[in-house]
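The chain contents come next:
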Amino acid sequence: MSQFLYLIPGWILLAGVYGIVTSRNLVHAVVCLSVAQSATYVLLLTIGYQRKATAPVFSDIKPTRNVVDPLVQAMTLTDIVVGATVTALLLALTVQVAKRRGTVDPDDLRSLEP
Amino acid sequence: MSRRARLLVLAFGGCGLALLFALAAFRLPDFGGTSHPYGQRTLPNAIAHHTPNVISSINFDQRAFDTLGEELILMASALAAVLILRTVRAEQEDAAGKHAYGPAQVFDALRITGYALLPVTIMTGVYIVAHGYLSPGGGFQGGVVLGSAIHLVYLSGDYPALARIRPIPMFEAGEALAAGAFVALALAFAGQVTAMNAVVGLEVGSAVVLTLAKFFEQALLVRKDT
Amino acid sequence: MILQIAVGLPFAVATLLAATGRRLPRIAIDAIATATVATLSVLLGLVLAGGDRTVWLGGWGEGVGISLVADAVATGLALTVTAVALCALVVSWRYFNEVQAIFHTLVLLFTGAMCAFVLTGDLFDAFVFFELMSVVAYALTGYQSEEPDTVHGALNFGVVNSLGAYLTLTGIALVYARTGQLGFVSIGRHLHGHDALVTVSFALICTGFLVKAAAVPFHFWLADAHAVAPTPVCMLFSGVMVELGVYAVARTYLTSFADAIPAEPVRVSLIAFGSAAALLGGVMCVLQRHIKRLLAYSTISHVGLLLVGVGLLHEDALAGAAWYLIGHAGVKAGLFVGAGALLNRFETVDEHDLHGRGRSMYVAGLIFLLGGLGLAGLPPSGTWAGKALIEEAGGHSILALGVTASALTAGAVLRVWLRVFRGAGPPHPGTTQHHDAETEFKLSRLPWTMLAPGVLLVLAGLLLGLLPGVVIGRAVEPFTHLPGPAPAPWTATSIASGVVAVLLAFGVAALGIRGRIPRVDLLHRLHSGHIGDYVAWLVAGVTVFGLLLLA
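Residues numbered from 1 in each chain as written. Chains lettered and ligands numbered in written order. Predicted model: local features only at pLDDT ≥ 70, side-chain atom pairs only at ≥ 80, totals over all residues.

Structural notes on the interface of chain C and chain B
Part 1 of the argument: Every contact between the two is made by 59 residues of chain C and, on the other side, 52 residues of chain B.
Part 2 of the argument: The element that contributes the greatest number of residues to the side of chain C that touches chain B is helix 21 (residues 531-550) of chain C, accounting for ten residues.
Part 3 of the argument: Classifying every residue of the side of chain C that touches chain B gives 36 nonpolar, 16 polar and seven charged. (Contact = placed C-beta atoms within 7 Å. Helix = DSSP H or I, 4+ residues; strand = E, 2+ residues; numbered from the N terminus. Nonpolar A, V, L, I, M, F, W, Y, C, P; charged D, E, K, R; others polar.)

This is the structure in structure tokens:
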């Protein structure tokens, strides 16, 4: 039964992908990309979870206490920074597309094939 | 491709990806189980190195090289914002009067709240950076708080004041030097968690300010056009 | 320690350049960046000479730390990266349009990221540097952000590659859940037998790498990005970055998954993706009149062949792939120098527009002629030697594929040479598509720094087949754990196939200059520049890959 929880990140990933493919606005598409990425955060944290365990910070708990996997949290932190910077960069490009092409609808952007 | 064809390709790919993911998910170890070998191995190392926050110990000590890459991604994207959102000459002429924007008309309550929150927010940011080795937090989280803090000035309606307190060249240099210091720390002195948190906080804060500054410039240009 | 210095050097200098870029004179920026990459290549040369080694960073051993693994393939590849980067910096010397010192900073970060990516022994660390490489690549693609096509191409590149990278991370998370390991070697040690989880995680990890390697149907971003990226950047993209995707697939399978996933389905799927790329890339290449897009599609085609070489999972074919990679890097990076020369001289890269206008550009013409011969695989080029080994290991069908792909792509390049530099064929009206030159001011003639690296690179590509096979054979040995006899490309069949490919290429070129370049509507509509299409194809590709592996 508990395995079903692992399906949640898959659902988020697909929702993000669906959003990018059907998007009519590049800003929306970039945000959908972040949605797809947040699936990786959820997946990592789900994998690292341990029942009846607490946060891996030993400043006020005994070293013998059970804690959840700290490594996936470190990976998630890295992943969040990567995601935020990629989103900023893609939004910067979107601003320029809007200025140069006068539209942010992917359907209205002409093909790059000459 | 037509919208219809695109959706057909997506339907095929989406169903397939869902199937693949589900097949894998049911072979994963039980949710909430106790077997986390890598995580377990990092715990004694963190305690031995006096970094009770194990995540900080992993990020800045045991796997500091990952964080080095992450820092550089941040620097690259701040540089990219400067590069991609640079104003070309024609726009500069159009926008010559942009600094003529005075403080906006806002309620006094908003203005006073904004200014009152500013020192508190900065303090909070510094605290989160400084205590990153001990409690949840660290350079990344605190840096974002610090970088956002000075934008309270903008939220209080005073863009010119914001522009005065964040000289772009200084933040560019600060951000790059912080990243450089992190490269040196990560490769030669990994484990200096407090120092690393501090330079990361500096770098993240500067990168946030720099990136937002470039977006502000664009937003004000666009607003002037309309 | 030398390995840590080599990895850290480009990053450290990049941060210093970024900090001081506003104040430094241009000549100093050029000199610092070039000297750094030159030093880096010397350091990597020393590492290569010193033999294979593994270093655990920060003194943490296996189990918690991150290792750098400098085997001959990884170090050789890093050395190729620095060689191309050095040439790219010389091409951008002094005249190339610079904003503060951002271009040089980004090129240094890019070079460092590629080196760290090939040298790291840790899967998650590889993901981090893969992302660094990608972020820098998006920024470099969007460099001339005042042109609409540029930002559009960079955005497509960014979205597709990022999604691929996130799928890679999903795969890494799955394999971490199973093994509790992140090192390539330690994952391999902890994977026993395969099930759906292992297979799906392998498919997902490879997706991001295959997107980078532009295997069909993940390839759409490549032409959009290459057509708009500045010349020195295109050299790095086509010469080395795209190929790193294939390297990563090979490393992931051979080091981590080889004992768990049986070879047959991997072989079938990689050969399928690679052949599709080799053929579609070849056909699209012939149909292009925009010279940079033409070269971009030829990269798709050749990297497809490279993927076939890896996919054969045979030690000689792997040696062939390594050989092919360095040969192709020289030839393709050199050809982009030639294309950049046309762009900066005439502010257009439309083949019909340029008809006969390159008659006085002897050096650029020479680059296109030699580059075309190199792509065709004229003995003793590196591409020829590598392809010979791949074809020998793969049998008749791979031989036919190799000859077709080389003849198509080389034919297109030779057609450009005939039409632009020899004025062959009747003139046709060109497009009015105008590209701004990449230089700070318009040059009446090109300085030698913008041409000489191209000649050097193409010549290197054309002569790399003379390397003794035993060097390459020994290099891939620890990578594959399959000791074999030294690969020998010099056989009658291989020389014959090389010559046939060259003749066929001239045939394709001769046919091509007789009329206008045709437009095939179906293929044209497929490469639509629409981000939704690209992402839909990406997930469809993952599905096909996964199902092929599970079947």
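Thoughts on the interface of chain A and chain B
Part 1 of the argument: Of the residues lining the interface, 37 residues belong to chain A; the matching set on chain B comes to 43 residues.
Part 2 of the argument: Of all the secondary structure elements, the ones that give two or more residues to the side of chain A that touches chain B are helix 1 (7-22), helix 2 (26-48) and helix 3 (70-101) of chain A.
Part 3 of the argument: Counting residues per element, the side of chain A that touches chain B draws most heavily on helix 3 of chain A, which supplies 15 residues.
Part 4 of the argument: In the side of chain A that touches chain B, the residues fall into 24 nonpolar, eleven polar and two charged.

A few points about the nonpolar core
Part 1 of the argument: Formed by 335 residues in total, the largest nonpolar core has its most connected members in B:Ala76, C:Val136, C:Ala139 and C:Val535.
Part 2 of the argument: Here this core gets 19 residues from one element, more than from any other, and that element is helix 13 (residues 315-346) of chain C.
Part 3 of the argument: For C:Ala139, the contacting residues outside a window of four places in its chain are A:Leu89, B:Ala76, B:Leu79, B:Ala80, B:Leu83, B:Ile84 and C:Leu106. (Core = buried A, V, L, I, M, F, W, Y, C linked by C-beta atoms within 7 Å. Buried ≥ 20, exposed ≤ 12 C-beta atoms within 10 Å, placed from the backbone.)

Examining the pairing of strand 2 (residues 67-70) of chain C
Residues and elements named next belong to chain C.
Part 1 of the argument: What you see with strand 2 is no split at all: Ser-67 and Val-69 on one side and Leu-68 and Ala-70 on the other are buried throughout.
Part 2 of the argument: Pairing analysis gives four bridges linking strand 1 (residues 53-56) to strand 2, with the strands arranged antiparallel. Bridging across to strand 2, Thr-54 finds its partner in Val-69. (Pairing = 2+ DSSP bridges.)

As for the environment of B:Lys214
Residues and elements named next belong to chain B.
Part 1 of the argument: Along the chain, Lys-214 turns up in helix 11 (residues 193-225).
Part 2 of the argument: When the C-alpha positions of Lys-214 and Arg-86 are compared, they lie 7.6 Å apart, and in sequence the two are 128 residues distant.
Part 3 of the argument: Apart from residues lying up to four places away in sequence, Lys-214 is in contact with Ala-81, Val-82 and Leu-85.

Let's talk about helix 15 (residues 382-394) of chain C
Note that an α-helix has 3.6 residues per turn; residues three or four places apart therefore point the same way.
Residues and elements named next belong to chain C.
Part 1 of the argument: Here helix 15 is 13 residues long and its end C-alpha atoms lie 18 Å apart, about the 18 Å a rise of 1.5 Å per residue gives.
Part 2 of the argument: The buried fraction of helix 15 is high, at 13 of 13 residues.
Part 3 of the argument: At the C-terminal side of helix 15, Gly-395 shows a positive phi close to 85°. (Expected span 1.5 Å × (residues − 1).)

Re the packing of helix 11 (residues 263-286) of chain C against helix 21 of chain C
Any two packed helices are characterised by how steeply their axes cross, that is the angle between the axes, and by the distance between the axes.
All names here are of chain C.
Part 1 of the argument: Two elements in contact, helix 11 and helix 21, have axes separated by 8 Å at closest approach and are oriented at 150°. Accordingly, the angle class assigned to the pair helix 11 and helix 21 is roughly antiparallel. As helix 11 packs across helix 21, the resulting crossing turns out to be right-handed. Every residue of helix 21 that contacts helix 11 at Pro-265, Val-266, Val-268, Ser-269 and Ala-272 is listed here: Phe-545, Leu-548 and Leu-549.
Part 2 of the argument: Looking at the contact of helix 11 with helix 21 residue by residue, the classes come out as seven nonpolar, one polar and no charged. (Axes fitted to C-alpha atoms, helices over the stretch in contact; angles between N-to-C directions. Parallel < 35°, antiparallel > 145°, perpendicular 65-115°, else oblique. Left-handed = near helix turned anticlockwise from the far one by under 90°.)

Re the confidence of the model for chain C
Residues and elements named next belong to chain C.
Part 1 of the argument: For chain C, per-residue confidence averages 92 on the pLDDT scale, and residues scoring 70 or more make up 99% of the total.
Part 2 of the argument: Across chain C, the secondary-structure element scoring lowest on mean pLDDT is helix 18 (residues 469-480), at 78, and the one scoring highest is helix 5 (residues 123-141), at 97.
Part 3 of the argument: With a pTM of 0.96, the predicted complex shows an ipTM of 0.97. (pLDDT = per-residue confidence, 0-100.)

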